[in-house]
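Chain residues, written in single-letter form:
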Amino acid sequence: MQKPPVNSLNLDLLVALRDTLVKLEKEKCKGMILTSESPSVFSAGLDIMEMYRPDHNRARKFWTTLQDTWIKLYSSPYPTVAAINGHSPAGGCLLALSCEYRVMVGPKFTIGLNETQLGIVAPFWFQDCMRNAIGERQAELALTLGKMFSVDEALKVGLIDEIAKDKADAISKAEDFLDEQSGLPALARSTVKVAFREATLNRLLKNREADTKMFLDFISMPKVQQALEMYMQTLKKK
Ligand SMILES: CC/C=C\C/C=C\CCC/C=C/CC(=O)SCCNC(=O)CCNC(=O)[C@H](O)C(C)(C)COP(=O)(O)OP(=O)(O)OC[C@H]1O[C@@H](n2cnc3c(N)ncnc32)[C@H](O)[C@@H]1OP(=O)(O)O
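Procedures and definitions
- Residues numbered from 1 in each chain as written.
- Predicted model: local features only at pLDDT ≥ 70, side-chain atom pairs only at ≥ 80, totals over all residues.
- UniProt positions renumbered as here; feature names shortened; annotations may be inferred.
- Helix = DSSP H or I, 4+ residues; strand = E, 2+ residues; numbered from the N terminus.
- Contact = placed C-beta atoms within 7 Å.
- Near = placed C-beta within 6 Å.
- Nonpolar A, V, L, I, M, F, W, Y, C, P; charged D, E, K, R; others polar.
- Buried ≥ 20, exposed ≤ 12 C-beta atoms within 10 Å, placed from the backbone.
- Pairing = 2+ DSSP bridges.

- Going by what an unreviewed UniProt entry lists, the protein chain is known as Enoyl-CoA delta isomerase 1, mitochondrial and is assigned to Ranatra chinensis.
- Looking at the Subcellular location (unreviewed entry) heading of the UniProt record, one finds this comment for the protein chain: "Mitochondrion matrix".

### A few points about the environment of Pro54
Here is step 1: Tracing the backbone through its elements, the reader meets Pro54 in the loop between strand E1 (32-34) and helix H2 (56-74).
Here is step 2: As a C-alpha pair, Pro54 and Val41 span 13 residues in sequence and 25 Å in three-dimensional space.
Here is step 3: Excluding anything up to four places from it in sequence, Pro54 contacts Ala59 and Ile219.

### Section: the site of the ligand
Here is step 1: Lining the immediate surroundings of the ligand are 28 residues, of which Ala44, Gly45, Leu46, Ala90 and Gly91 lie closest.
Here is step 2: Sorting the residues of the shell around the ligand by element identifies helix H4 (115-118), helix H10 (208-219) and helix H11 (222-237) as the ones contributing at least two each.
Here is step 3: With three residues, H10 is the largest single contributor of residues to the shell around the ligand.
Here is step 4: Per-class residue counts for the shell around the ligand are 18 nonpolar, six polar and four charged.

### What about the environment of Leu21?
Here is step 1: Considering the arrangement of structural elements, one finds Leu21 in helix H1 (residues 11-26).
Here is step 2: Leu21 sits 49 residues away from Trp70 along the chain, and the two C-alpha atoms are 9.8 Å apart.
Here is step 3: In contact with Leu21, other than residues within four places in its own chain, are Thr69, Lys72, Leu73 and Ser76.

### Things to note about the pairing of strand E4 (residues 101-105)
Here is step 1: Across the five residues of E4, five count as buried, placing the element largely inside the fold.
Here is step 2: Residues of E4 alternate between two faces, with Tyr101, Val103 and Val105 on one and Arg102 and Met104 on the opposite face, all of them buried.
Here is step 3: With four bridges joining them, strand E2 (residues 80-84) and E4 adopt parallel strand pairing. What sits directly across from Ile84, in E4, is Met104.
Here is step 4: For E4 and strand E7 (residues 162-164), the ladder comprises three bridges, and the chain directions are parallel. For Val103, the partnering residue across the bridge sits in E7 and is Glu162.

### A word on the sheet that holds strand E6 (residues 149-150)
Here is step 1: The strand order across the open sheet built from three strands is E3-E5-E6, with neighbouring strands paired in mixed fashion. The strands lining the two open edges of the sheet, one partner per strand, are strand E3 (88-89) and E6.
Here is step 2: Direction of pairing for strand E5 (residues 110-112) relative to E6: antiparallel, over a ladder of two bridges. In the strand pairing of E6, Thr110 is matched with Ser150.

What follows is the structure, encoded as structure tokens:
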């Protein structure tokens, strides 16, 4: 990802990500490493400006493109690794969680689904991804608190798989993971992957329109708009 300053996921970046994932699948990609050009941020998550005082049609397109991107990434037949070389809150954490393996550069960055802290709610499929990685108990604790994990905490709870000392080390560890996968029969590998992920995928596939409506209704609430405005001001003041 290369959208300075913080790889916030606006409609343009999501379209680019989705189209890349579609292309990789068509071209029978052997493996993908998702990382960031920024030296300190993997992705700041959804672009708050896409939710603040939104145009209804654009907001719908934004959300359905996010759903498409997640579905493509989560169900990709080829192996995927997140080389998390910076902070990874909310939607950034979702992207990492949707890969098969996570290597994160330590020690100073943070990762987690922090939505509760902003007065917004992580959608059920964000929650499902966290639950699938760290288990029901730890996911409930993390999501209700909107907890951002340090790299050590993330490793301990199973949110990431390995710690790297810098980006080059993260890429090298990610390549080791991909090398290990490359010797396996591709169809067997991808069938097992999709079997593990099917229930989570189907939950969104069967409820896409309801999920979109919930998002549009939610961001239309004056209280939510107020919370987003205050949050943007805090970020700008910083
Ligand atoms: C019942 C209801 C059910 C369902 C509801 C449905 C849906 C609701 C939607 C829920 C989903 C939300 C998922 C999300 O992803 S929300 C976004 C959460 N993201 C964050 O909280 C991250 C915020 N950013 C930061 O913490 C820091 O920026 C970060 C640590 C990433 C980097 O810090 P750094 O010091 O390097 O940079 P900053 O100076 O803070 O930022 C630089 C500029 O970038 C702007 N910025 C930062 N983050 C965002 C963002 N997410 N969107 C838009 N813009 C962002 C920041 O304001 C700075 O701008 P300038 O001051 O330079 O103009």
